[in-house]
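Now for the letters of each chain:
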Amino acid sequence: MINEVDISVVIPLYNEEESLPELFEWIKQVMAANDFTYEIIFIDDGSTDRSWEVISSFRRQHPQVKGIKFRRNYGKSPALYCGFRKAQGKVVITMDSDLQDSPDEIPELYKMITEQGYDMVSGWKKKRYDPLSKTLPTKLFNATARKVSGIKLHDFNCGLKAYRKALVKSLEIYGDMHRYIPYLAKNAGFSNIGEKEVHHRPRKYGKTKFGIERFVNGYLDLMTLWFFSKFGVKPMHFFGLIGTLMFLVGLISVILVGVTKLHAMYADQPYRLVTENPYFYISLTAMILGTQLFLTGFLGELISRNANERNKYNIEEELS
């Protein structure tokens, strides 16, 4: 039987051998000062430096340390997913390994989950030590995420977060969806999401592993998540509606083109063949596209009806 601990600290990392010893000692001091039982789960995302050797040395001296090493670099979302599967703490804390997140925030985050009843608490780095090229796109990204998700958070992508255990066991994070964990939590039924202003520290070692492309990918992922949350199990409601409207617009337009020609013929006015009218081809194209969209929704509905996850629901309690 696996013993539950107070806190699981999940730390994804990539080439952070310099920062790991300092981070580890800092976390230990915080846990000892607050008398927490804990485990620290390091997920080495295919590092090419000595990061795994450093983690292994921690494990030899401290049984609270656990580790997962990927054969190659998969990304932060797969690392968090594997860390969540392994975590056994009542409260799960995630933080980055670059020392920009402060372990001193852990006790207050823990209280917000256990005493204030939050399902999840996201950090907010109000004062950031990042260049304008990073902070400005981040503000735009967060504003869009707030609008689409309806969750009033200032910093969706802050690595420092706290979760109730039941929440992390309900999440399936893939691709780059770690940016939208609050949105995923809301879709899973965990709507009590809080925010805590946290201290952001300047990077002490190495350099950032993320480029400007993450903001472009972030918007695409947000649109994907929005679509699946709205129409994931009912694609016909989206494609079928748009397809039907487009087909009807095309059909009405074709009829108008034909009626216009007949009226001109009977009124002895000059007219041209229907096939010489550009509106005829525009209308025909609309009807074809409408039919294709309708069929796309129909096929999506067939796939959805045969999906194993179609009737998977998050049940909080059950009496029988």
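Everything quoted here is computed from the prediction, not taken from an experiment.

Participant: For this particular structure, what's the right way to read helix α2 (residues 51-61)?
Facilitator: Because an α-helix completes one turn every 3.6 residues, residues spaced three or four positions apart along the sequence face the same direction. All of the buried residues in α2 are S51, V54, I55 and F58. Buried residues of α2, seen end-on, are gathered within an arc of 100° and therefore sit on one face of the element. The secondary structure elements touched by the buried residues of α2 are β1 (5-13), α1 (20-33), β2 (38-44) and β3 (65-69).

Participant: How should I be thinking about the sheet that holds β3 in this particular structure?
Facilitator: The strands making up a sheet associate through backbone hydrogen bonding, with each pair oriented either parallel or antiparallel. An order of β3-β2-β1-β4-β6-β5-β7 is seen for the seven strands of this open sheet, with the pairing classed as mixed. Sheet topology places β3 and β7 (193-197) at the edges, where each strand pairs with a single neighbour. Each strand axis lies, on average, 20° off the axis of its neighbour in the sheet, ignoring direction. The sheet contact formed by strand β5 (residues 120-124) and β7 spans five bridges and is parallel. Residue pairing in the sheet places G123 in a bridge with K196 of β7. Sitting on the sheet, α2 touches β1, β2 and β3, and the angle it makes with β3 is about 155°.

Participant: Can you walk me through the packing of aromatic side chains in this structure?
Facilitator: Any aromatic ring pair is given by two values, namely how distant the centres are and how the planes are angled relative to each other. In the structure shown here, the tally under the stated rule is eight aromatic pairs. Between the aromatic rings of F24 and F58, the centroid separation amounts to 4.2 Å while the plane-to-plane angle is 20°, which identifies the pairing as stacked. Pair noted here: F24 is in helix α1 and F58 is in helix α2, with a separation of 34 residues, a long-range link. Looking at F24, the relative accessible area reads 1%, which means it is buried. Measuring from centroid to centroid gives 4.8 Å for F36 and Y110, while their planes differ by 55°, and the two rings are tilted. Here the residue F36 occupies a position in the loop between α1 and β2, and Y110 occupies one in helix α4 (residues 106-114), the gap between them amounting to 74 residues. Residue Y110 is classed as buried on the basis of its relative accessible area, which comes to 11%. Three or more aromatic residues joined by ring pairs form one cluster here, namely F24, F42 and F58.

Conventions used here
- Residues numbered from 1 in each chain as written.
- Predicted model: local features only at pLDDT ≥ 70, side-chain atom pairs only at ≥ 80, totals over all residues.
- Heavy atoms only, no water.
- Buried < 20%, exposed > 50% of the residue type's maximum accessible area, 1.4 Å probe, protein only.
- Helix = DSSP H or I, 4+ residues; strand = E, 2+ residues; numbered from the N terminus.
- Arc of directions from axis to C-beta.
- Contact = heavy atoms within 4.5 Å.
- Pairing = 2+ DSSP bridges.
- Axes fitted to C-alpha atoms, helices over the stretch in contact; angles between N-to-C directions.
- Phe/Tyr/Trp six-rings, centres within 6.5 Å; stacked < 30°, edge-to-face > 60°.

In short, geometric facts, not functional conclusions.
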